[in-house]
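Chain and residue survey
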Amino acid sequence: MRFEEHDTAREEDWKRIIDAVMAREGRLNGLVNNAGIAGPFPSTFETETVEQWQRMLSINVQGVFLGCKYGVPAMKQSGGGSIVNTSSLAAFLGTPALSAYGASKGAVRQFTKTVAMDCARKGYRIRCNSVHPGIIMTPMGQGILPNDKARERALRTIPIGEFGTPEDIAYGILYLISDESRFVTGTELVIDGGMNAI
Ligand SMILES: NC(=O)c1ccc[n+]([C@@H]2O[C@H](COP(=O)([O-])OP(=O)(O)OC[C@H]3O[C@@H](n4cnc5c(N)ncnc54)[C@H](O)[C@@H]3O)[C@@H](O)[C@H]2O)c1
């Protein structure tokens, strides 16, 4: 395992990281665009500033765009691959208290399909899918639900009756990144304890 510092909103960082992977490993077959931000919370479209809006989109949308832009040529050279973009349940719903966040995740959902169709039509053997977590107890989830009262209220909206864990999302990503999902592209895997089915 190897970790490298990487600001996913920065084009230069993507060039450096992908070049280094290709030089070191000789190939790239899987890429998960997972980095994201959600704050400040709450922020409605009436209170959100242009700076906050642009920062959200630069990380949550531009980061995913750059990952695909630089990941796809490397995957082409490697004989194919699979890209997974982390969107959110927010891509399907109005998010009044997270206005830029919801917009950013809607963009990731749509852009994923564009990359999937473009790669499929061009015969690249590269698949691209999105995962849509519900409420997961990571630092981001804890930031949006900062106290017991907010958590109890949120729990009542989850049919399965508990919050998700990072592992719940990781297993979905594992499926989409692996060859087991060879016939799956341009789709949305919702992992949310049933919230989106209500
Ligand atoms: N936690 C949830 O309830 C939830 C729900 C739906 C979707 N998501 C999505 O899942 C993904 C992971 O979120 P999480 O819950 O683990 O959040 P988190 O805040 O716990 O972790 C996000 C990580 O992204 C990194 N990051 C932020 N900006 C970055 C940048 N520009 N370059 C590189 N790294 C950067 C942070 O350092 C952090 O390690 C995000 O895309 C998030 O929007 C989370």
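These lines cover the structure that appears in this document, whether it is placed above or below.

Each value, and the rule that gives it
Residues numbered from 1 in each chain as written. Predicted model: local features only at pLDDT ≥ 70, side-chain atom pairs only at ≥ 80, totals over all residues. Pairing = 2+ DSSP bridges. Helix = DSSP H or I, 4+ residues; strand = E, 2+ residues; numbered from the N terminus. Axes fitted to C-alpha atoms, helices over the stretch in contact; angles between N-to-C directions. Buried ≥ 20, exposed ≤ 12 C-beta atoms within 10 Å, placed from the backbone. Near = placed C-beta within 6 Å. Nonpolar A, V, L, I, M, F, W, Y, C, P; charged D, E, K, R; others polar. Core = buried A, V, L, I, M, F, W, Y, C linked by C-beta atoms within 7 Å. Contact = placed C-beta atoms within 7 Å. Right-handed = clockwise from strand over helix to strand, strands pointing away.

1. Digging into the sheet that holds strand 3 (residues 126-133)
Here we have four strands laid out as an open sheet, ordered 1-2-3-4, and parallel in their pairing. Two strands lie at the open edges of the sheet, namely strand 1 (30-33) and strand 4 (188-191), each paired on one side alone. Within this sheet the neighbouring strands show an average axis-to-axis angle of 20°, counted without direction. Direction of pairing for strand 2 (residues 81-86) relative to strand 3: parallel, over a ladder of six bridges. Its bridge partner lying in strand 3, S82 is registered against R127.

2. Some details on the environment of R151
Mapping R151 onto the fold places it in helix 5 (residues 148-155). In this structure R151 comes out as partly exposed when scored by C-beta crowding, with 17 C-beta atoms within 10 Å. Expressed as a C-alpha distance, the spacing of R151 and F163, which sit 12 residues apart in the sequence, is 9.2 Å.

3. Structural notes on the site of the ligand
By nearness alone, 20 residues border the ligand, and A35, G36, S88, T138 and M140 come closest of all. Of all the secondary structure elements, the ones that give two or more residues to the shell around the ligand are helix 2 (50-77) and helix 4 (139-144). Top element by residues in the shell around the ligand is helix 4. It accounts for three residues. Grouping the constituent residues of the shell around the ligand by class yields 10 nonpolar, nine polar and one charged.

4. A few points about the nonpolar core
C68, I83, Y101, V115, C119, I126 and C128 are the most contacted members of the largest nonpolar core, which totals 34 residues. The set of elements that each furnish at least two residues to this core consists of helix 1 (11-25), helix 2, strand 2, helix 3 (99-121), strand 3 and helix 6 (166-177). In terms of residues, this core owes the most to one element, helix 2, which gives nine residues. For I126, the contacting residues outside a window of four places in its chain are V72, M75, K76, G80, G81, I83 and C119.

5. Focus: the pairing of strand 3
Burial analysis of strand 3 places eight of its eight residues in the buried class, which makes it a mostly covered element. The alternating pattern of strand 3 places I126, C128, S130 and H132 and R127, N129, V131 and P133 on opposite faces, both of which are buried. This β-α-β element, strand 2 to helix 3 to strand 3, shows right-handed connectivity.

6. Details of the pairing of strand 2
A large share of strand 2 lies buried, amounting to six of its six residues. Of the two faces of strand 2, both are covered, the one formed by G81, I83 and N85 as well as the one formed by S82, V84 and T86. Taken together, the four bridges between strand 1 and strand 2 define a ladder with parallel strand orientation. Bridge pairing links V32 to V84 in strand 2. What joins strand 1 to strand 2 is helix 2, and the crossover it makes is right-handed.

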